[in-house]
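# Understanding the architecture of this molecule
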Amino acid sequence: MNLFSQPADQQAMYPEPPKMVSSKDLLYLSDMLSWNLLASKKMDWVAQTCQLPDIKKECESAQKMHSKHYDEILKFLKQNEGGPMS
C-alpha cells in the first residue's frame, strides 16, 4: 500500500523513527517529555494519597506508563544527540 493511497483521516505508521529530526519535531518531543513527567508526578501523588486500593493500583500503573514513555523519549533524544538535524 502506498502512503498516498491511505484515506486522509488515517496517519501513516512508520516502523522506526526518522533519521533526521526537524526543529519543530524537537520542540514537540520536548513538550512530550514535559507532559509525561507532569502526568507521572501527578499519578504518583494521587497513588500516595489515595485510600481506595483499586484506584491506587490504577494510578500506580498510569505513573509507571508515563515514566516509561518519558524514559523512552529521553533515550531517543540522547541516542540522536549531535546527529543530523534539519
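Below is a summary of the structure that appears in this document.

## Details of the overall build of the chain
The helix and strand tally for the chain stands at two helices and zero strands. The buried share of the chain, taken over its 86 residues, is 15%. Sequence separation of at least 24 residues holds for 64% of the intrachain contacts in the chain that already meet a minimum separation of 6. A total accessible area of about 7,400 Å² is found for the chain, and carbon and sulfur atoms account for 58% of it.

## Focus: helix α1 (residues 23–49)
Compared with an ideal rise of 1.5 Å per residue, which puts 27 residues at 39 Å, α1 spans 39 Å between its outermost C-alpha atoms and is within 8% of the ideal. In this fold, the buried residues of α1 make contact with α2 (53–79).

## Looking at the packing of α1 against α2
Closest axis-to-axis distance for the α1/α2 pair is 8 Å, and the angle between their directions is 155°. The pairing of α1 with α2 is recorded here as roughly antiparallel in orientation. As for the relative orientation of α1 and α2, their crossing is left-handed in sense. Tallied by class, residues from the contact of α1 with α2 come to 16 nonpolar, seven polar and three charged.

## Here we look at the packing of aromatic side chains
Each aromatic ring pair is specified by the distance between its two centres and by the angle formed by the two planes. Taken as a whole and assessed by the stated rule, the structure comprises one aromatic pair. On the numbers, 5.6 Å between centres and 75° between planes, the contact of Tyr 28 with Trp 35 is edge-to-face.

## Quick look at the side chain of Asn 36
Summarising the element assignment, Asn 36 is placed in helix α1. Residue Asn 36 is classed as buried on the basis of its relative accessible area, which comes to 10%. For Asn 36, the contacting residues outside a window of four places in its chain are His 66, His 69, Tyr 70 and Ile 73.

## Notes on the nonpolar core
In terms of nonpolar packing, the biggest core is built from five residues, these being Val 21, Leu 29, Leu 33, Ile 73 and Phe 76. For this core, the secondary-structure elements that each account for two or more residues are α1 and α2.

## A closer look at the side chain of His 66
Its place among the elements puts His 66 in helix α2. Residue His 66 is classed as buried on the basis of its relative accessible area of 19%. Only 3.0 Å separates the side chain of His 66 from the side chain of Asn 36, close enough to count as a polar contact. When near neighbours in sequence (up to four residues on either side) are disregarded, His 66 contacts Asn 36, Ala 39 and Ser 40.

Each value, and the rule that gives it
Residues numbered from 1 in each chain as written. Predicted model: local features only at pLDDT ≥ 70, side-chain atom pairs only at ≥ 80, totals over all residues. Heavy atoms only, no water. Helix = DSSP H or I, 4+ residues; strand = E, 2+ residues; numbered from the N terminus. Buried < 20%, exposed > 50% of the residue type's maximum accessible area, 1.4 Å probe, protein only. Contact = heavy atoms within 4.5 Å. Areas by Shrake-Rupley, 256 points an atom, 1.4 Å probe, with all protein chains shown as cover. Expected span 1.5 Å × (residues − 1). Axes fitted to C-alpha atoms, helices over the stretch in contact; angles between N-to-C directions. Parallel < 35°, antiparallel > 145°, perpendicular 65-115°, else oblique. Left-handed = near helix turned anticlockwise from the far one by under 90°. Nonpolar A, V, L, I, M, F, W, Y, C, P; charged D, E, K, R; others polar. Phe/Tyr/Trp six-rings, centres within 6.5 Å; stacked < 30°, edge-to-face > 60°. Core = buried A, V, L, I, M, F, W, Y, C linked by side-chain atoms within 4.5 Å. Polar contact = N/O pair within 3.5 Å; in protein donor to acceptor, adjacent residues only side chain to side chain.

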